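Residues per chain, in single letters:
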There are 2 protein chains.
Amino acid sequence: MRIIVDAMGGDNAPLEILKGCALAVKEFSLEFVLTGNKEIIEKAISENQLDLGRYEIVHTEETISMDDEPTCVIKEKKESSLGKAFSLLKEGRGDAVVSAGSTGAVLVGATMIVGRIRGIKRPALATLLPGDTGPTMLMDCGANVECRSEMLMQFALMGSIYMNKIQSVENPRVMLANVGTEDTKGGPLQKESFELLKNSSLNFCGNIEGRDILSGIADVVVTDGFSGNLILKTCEGVAGMMYSNLKQVFKKNFISKIAAAMVMSGLKVFKKKMDYTEYGGAPLMGISKPVIKAHGSSNAVAFKNALRQAFEYHQNNVIAEIQDSLSAKKEG
Amino acid sequence: MRIIVDAMGGDNAPLEILKGCALAVKEFSLEFVLTGNKEIIEKAISENQLDLGRYEIVHTEETISMDDEPTCVIKEKKESSLGKAFSLLKEGRGDAVVSAGSTGAVLVGATMIVGRIRGIKRPALATLLPGDTGPTMLMDCGANVECRSEMLMQFALMGSIYMNKIQSVENPRVMLANVGTEDTKGGPLQKESFELLKNSSLNFCGNIEGRDILSGIADVVVTDGFSGNLILKTCEGVAGMMYSNLKQVFKKNFISKIAAAMVMSGLKVFKKKMDYTEYGGAPLMGISKPVIKAHGSSNAVAFKNALRQAFEYHQNNVIAEIQDSLSAKKEG
């Protein structure tokens, strides 16, 4: 499989991106098309003696920064590392795009250059949240600030396919994020979505409140992109604050430092379990080819996990599955 | 000050409620009107030798359960412990109501029986979230699933007054929960609210993402009740999951148990800082008299803190301040 990598996207590009590629080729059968500044990329590879296996570089001058308007990827910056990556994907020069760059530009570029799966109303950002009993997929995490119920219904379908094909969850439990568990909770969007989901062939298990999203009672949690983004980032914020406070507890004095050493292995397991970059990036589901948005602050390991995710998305024919479900539904 | 206490509301009623009252009278100059089953209340007080200071019991037969429709508080269960509490508040038999009962019923009862402050479009549930540099007020946390921008503007005003009067924050920083920090982020509600807030006399500091809500950059975060409720409960969920995982780390073996003992004092400070019941309950702001919703699972200390909050709300004339601001705005 051939992955097109936006080598210039993300806070730690290109070095951590390239290191991530080098880690990935050790585990999966991959080759890369790297988009970005050829000189900078080659220098980073040679200076760090990275072995990326088979790769080619497609030179681009420009990079999209966080301050750029997302639409620049199809306008003034369509020749940027990200814009070029999507053109190459559309042309079939690779099988997937992975980028740690601007979420907005990834969305616009994927939708406008690569295009949606026929029948899908809107693509959605899907994030795997860590849980005690395995990950839970939350979608949409910010692609669509405003949603209609048919969109949430499609998110549920796509999320179910992902969890089934890639996380090997038999009959994934779908739940609807809401302000209470009773069937009639929420506004019009929730009430309409509840009805659609209840009458679908999916394994719909009702409404779920914020406090239960990480509890493992759902495999897929669907919501609009506005609340989904706030949920996702609140998780990050709370976890980050708790870690930094915990660090202070352990760093306080000599005794506490010894205590830290005594439970270090346990703490590492704990930290790894809570670290959602372990699961990779966020697939942009509903696009006609695999597009994975890696976290902006991805380090090499996080980026490698996003590459693994692109690999699995491709190998497991997630997109064909979505297409089949949509046409089955139409015929059915 | 005389607080009307719904003695039967909450998972641990009446015992923890009554214990909370006994703790509160040691710290504040309070007397109570307890609504609920007289026999049960008296038995709990005498069996546990609780000293509640000056109190009277107003007997009610019924209790509102979590399965009841919220509107029952003004219909078939208006003579319940909660319904009676609101009638007594309206009649002036006390200065505030504190209940750990059903949030929905508290909302309906407070709005329909006690009534809103003149000029306030909708009351909002305001929760104090723990932060490294002090609490942040999040509102609305679930009273209004659907909001208009003028409502968010009023939430900002009420939250600012609360943080100024009760938390002694000079010129509270108000921020709008959103999917990005740029001025133009979000849907119509966010864009309209942004303009209103920007042109107000409040100290509006722009949009805030989920990950920064606990970071201390805002004193008041405003959002609609749907996303606010999800944010609040996600905080609870993540914190709860992290605690339980951390417990497992420390309970793993003999060595880890020793390590836990070595950092116990630090962990306790940490836990206390993250525990939002420390700040009390959620004031239902915009109601013409003080109404505090204590957490449903309140223990005695949490309920005492909710009583303290009612005390401070009353002593600091929060309601008069809101009224003054509204009329100043009208005149200005």
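Residues numbered from 1 in each chain as written. Chains lettered and ligands numbered in written order. Predicted model: local features only at pLDDT ≥ 70, side-chain atom pairs only at ≥ 80, totals over all residues. Heavy atoms only, no water.

K.L.:
What is the right way to look at the relation of the copies chain B and chain A in this model?
P.N.:
The second copy of the chain is related to the first by a rotation about an axis and a shift along the axis. It takes a turn of 180 degrees to lay chain B on chain A, together with a shift of 0.0 Å along the axis; the resulting RMSD is 0.0 Å. Overall, the copies show the geometry of a two-fold rotation axis. Considering only C-alpha atoms, the part of chain B nearest the rotation axis is Ala259(B), at 2.1 Å. Both copies present the same face, since 100% of the interface residues in chain B are matched by interface residues at the equivalent positions in chain A. (Least-squares fit on C-alpha atoms with pLDDT ≥ 70 in both. Contact = heavy atoms within 4.5 Å.)

K.L.:
Looking at this structure, how should I read the packing of helix α1 (residues 15-27) of chain A against helix α10 (residues 300-315) of chain A?
P.N.:
What describes two packed helices is the angle between their axes and the distance between those same axes. Residue and element names in this part refer to chain A. Across the interface, α1 lies against α10 with an axial gap of 7 Å and an inter-helix angle of 55 degrees. When the interaxial angle is binned, α1 and α10 end up oblique. As α1 runs across α10, the sense of the crossing is right-handed. Packed against α1, whose contacting residues are Glu16, Ile17, Lys19, Gly20, Cys21, Leu23, Ala24 and Glu27, the element α10 presents Ala300, Val301, Phe303, Lys304 and Leu307 at the interface. Looking at the contact of α1 with α10 residue by residue, the classes come out as 8 nonpolar, 1 polar and 4 charged. (Axes fitted to C-alpha atoms, helices over the stretch in contact; angles between N-to-C directions. Helix = DSSP H or I, 4+ residues; strand = E, 2+ residues; numbered from the N terminus. Parallel < 35°, antiparallel > 145°, perpendicular 65-115°, else oblique. Left-handed = near helix turned anticlockwise from the far one by under 90°. Nonpolar A, V, L, I, M, F, W, Y, C, P; charged D, E, K, R; others polar.)

K.L.:
How do you make sense of helix α6 (residues 188-198) of chain B when you look at a structure like this?
P.N.:
Think of an α-helix as 3.6 residues a turn; residues three or four steps apart then line up on the same face. By the burial criterion, the buried members of α6(B) are Leu189(B), Gln190(B), Ser193(B), Phe194(B) and Leu197(B). Seen end-on, α6(B) carries its buried residues on one side only, within an arc spanning 130 degrees. (Buried < 20%, exposed > 50% of the residue type's maximum accessible area, 1.4 Å probe, protein only. Arc of directions from axis to C-beta.)

K.L.:
Which parts of the structure should I look at to understand the sheet that holds strand β8 (residues 203-208) of chain A?
P.N.:
Pairing between the strands of a sheet comes from backbone hydrogen bonds, and it takes one of two forms, parallel or antiparallel. Residues and elements named next belong to chain A. Taken in spatial order, the 11 strands line up as β3-β2-β1-β4-β11-β10-β5-β6-β9-β7-β8 in an open sheet, and their pairing is mixed. Bordering the open sheet on either side are β3 (55-59) and β8, each of which pairs with just one other strand. Sheet twist, expressed as the average angle between the axes of neighbouring strands with direction ignored, equals 25 degrees. Note that strand β10 (residues 282-285) and strand β11 (residues 291-293) share 2 bridges and pair antiparallel. Note that in β11 the partner of Pro283 across the bridge is Ile292. Against the sheet, helix α3 (residues 81-91) touches β1 (2-6), β2 (31-36), β3, β4 (96-99) and β11, its axis set at about 140 degrees to β2. (Pairing = 2+ DSSP bridges.)

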